[in-house]
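Tertiary structure, described
The lines below spell out each chain.
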Amino acid sequence: MSELSDDELDRYARHIVLPQFGGTGQKALKAAKVALIGAGGIGAGALPSLVGAGVGQITIVDDDKVELSNLQRQPLYTSADIGKPKADLAKAHAEARNPYLAIATEKRRVTHDNVEEILSGHNLVIDGTDNFMTRLAVSDACVTLGIPLIAAAAAQFQGQLMLATGQPCYRCFVGDAFDADDCDTCAELGVLGALTGTMGHFAALMAIRHLAGIGPDSAGKLHLFDGLKASWREIKIAPDPACRACGI
Ligand SMILES: [Zn+2]
């Protein structure tokens with residue numbers, strides 16, 4: 001596993017001093033390769049925490065350009081960035097913040113045809129996209145490739161997140177009803193900007209826990225946050241024996 005330089009020991013000192021984390025956890029983050037699908041509300045919340053934490057290799061997958069209505073919730077971008085590719089801006093942010101990381105971009109729309117090629121070779125995937133066709137394609141590819149997935153979403157005042165490491169998978173939770181590409185909801189329903197940031201940071205925290213091997217295993221649990229009530233709850237997802245992706 002990669003050693004840490006003196007500068008890195010300084011940079012990550014507040015991690016390394018944590019008894020559960022230490023140098024071992026920090027080296028595990030440095031050795032990790034994470035794919036972040038979507039550099040929108042969730043992704044723009046997650047990326048700064050992943051970069052600050054020292055996740056060694058990050059692939060930012062996004063084919064969108066910044067729009068004025070994104071600035072309400074996507075803190076990586078400024079008014080001057082409107083019309084520019086999000087993946088390039090997110091990469092520039094990451095590289096300016098932490099020079100020890102290898103940041104790659106994939107400016108392609110994720111489809112059933114390219115998803116396995118894009119995700120292959122990663123240790124963990126964080127999906128923050130907002131349509132079910134993409135989310136299920138990512139989930140199915142993660143099951144096939146054996147890559148743990150953190151699926152995070154936010155709409156209106158409700159946030160949800162699930163870590164899937166096999167069975168149950170994300171499809172066990174949502175079923176097959178949403179395979180059609182007609183479920184883009186954020187634009188129609190609205191979303192509280194601070195909620196996407198909350199779920200993005202939570203996704204980064206769950207990624208760091210998983211990669212560093214700290215805390216109890218929370219795979220297969222759905223974490224729900226109600227932004228109006230300001231309360232969290234969790235539900236255990238049962239594996240679906242008839243699941244098209246992970247079914248036994
Ligand atoms: Zn499943």
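Report follows, based on the coordinates. Every value quoted in this text rests on a predicted model; they were computed, and no experiment measured them. (Residues numbered from 1 in each chain as written. Predicted model: local features only at pLDDT ≥ 70, side-chain atom pairs only at ≥ 80, totals over all residues. Heavy atoms only, no water.)

With that settled, the discussion passes to the pattern of salt bridges. Summed over the entire model, instances satisfying the criterion amount to 11 salt bridges. In this structure, the salt-bridge partner of Arg109 is Asp64, at a minimum N-O distance of 4.0 Å. Of this pair, Arg109 sits in the loop between strand S3 (102-106) and helix H6 (115-119) while Asp64 is found in the loop between strand S2 (57-61) and helix H5 (86-97), placing the two residues 45 residues apart along the sequence. Relative accessible area serves as the criterion here: at 34%, Asp64 is assigned to the partly exposed category. Two residues, Lys84 and Asp81, come together in a salt bridge whose shortest N-O distance is 3.8 Å. (Salt bridge = Lys/Arg side-chain N within 4 Å of Asp/Glu carboxyl O. Helix = DSSP H or I, 4+ residues; strand = E, 2+ residues; numbered from the N terminus. Buried < 20%, exposed > 50% of the residue type's maximum accessible area, 1.4 Å probe, protein only.)

Between its terminal C-alpha atoms helix H10 (residues 193-212) stretches 29 Å, which fits the 28 Å expected from 20 residues at 1.5 Å a residue. Among the 20 residues in H10, 15 count as buried, and that is most of the element. Phi turns positive one or two residues past the end of H10, at Gly213, with a value near 70°. (Expected span 1.5 Å × (residues − 1).)

So, on to the side chain of Gln26. Looking at where Gln26 falls in the secondary structure, it is placed in helix H3 (residues 22-31). Among all residues touching Gln26, those that are not within four sequence positions of it are Leu4, Tyr12, His15, Ile16, Phe21, Ala53 and Gly54. (Contact = heavy atoms within 4.5 Å.)

What follows deals with unusual backbone geometry. A cis geometry characterises the amide bond from Gln167 onward to Pro168, with omega recorded as -5°. Within the secondary structure, Pro168 is located in the loop between strand S6 (158-164) and helix H8 (170-174). Look at Ala230: it is not a glycine, yet its phi comes out positive at around 55°. Of note, Ala230 is situated in the loop between strand S7 (221-226) and strand S8 (231-236). Residue classification places Ala230 among the exposed residues on the basis of a relative accessible area of 57%.

A few words on the pairing of S2. The buried fraction of S2 amounts to four of the five residues, a majority that puts the element mostly inside the structure. Taken together, the five bridges between strand S1 (residues 33-37) and S2 define a ladder with parallel strand orientation. Looking at S2, one finds that Ile37 is bridged to Val61. For the handedness criterion, the β-α-β arrangement of S1, helix H4 (residues 41-53) and S2 is classed as right-handed. What joins S2 to S3 is H5, and the crossover it makes is right-handed. (Pairing = 2+ DSSP bridges. Right-handed = clockwise from strand over helix to strand, strands pointing away.)

Attention now moves to the coordination of the zinc ion. Around the zinc ion, the protein supplies Cys169 (SG), Cys172 (SG), Cys243 (SG) and Cys246 (SG) as donor atoms, at distances of 2.3 Å. Read in sequence order, the donor residues for the zinc ion give the motif C-x2-C-x70-C-x2-C. Here Cys172 is found in helix H8, whereas its partner Cys243 is found in the segment after S8, with 71 residues between them in sequence. For Cys172, a relative accessible area of 12% translates into the label buried. (Donors = N, O, S within 2.8 Å, 3.2 Å for Na, K, Ca; no water.)

Looking now at the pairing of S7. The buried count for S7 comes to five of six residues, which makes it a mostly enclosed element. Alignment of S6 against S7, held across five bridges, turns out to be antiparallel. In the strand pairing of S7, Gln158 is matched with Asp226. Direction of pairing for S7 relative to S8: antiparallel, over a ladder of six bridges. Directly across from Phe225, in S8, lies its bridge partner Trp232. Taking the residues between adjacent antiparallel strands as the criterion, S7 and S8 are bridged by four residues, where Ala230 takes a positive phi near 55°.

This part is about the sheet that holds S1. Pairing is mixed in the open sheet, where eight strands are placed in the order S3-S2-S1-S4-S5-S6-S7-S8. If you trace the sheet from one side to the other, it starts and ends with S3 and S8, each paired once. The mean inter-strand angle of the sheet, taken between neighbouring strand axes irrespective of direction, is 15°. Where strand S4 (residues 124-127) and strand S5 (residues 149-155) come together, three bridges link them in parallel fashion. Of the residues in S5, the one forming a bridge with Val125 is Leu149. (Axes fitted to C-alpha atoms, helices over the stretch in contact; angles between N-to-C directions.)

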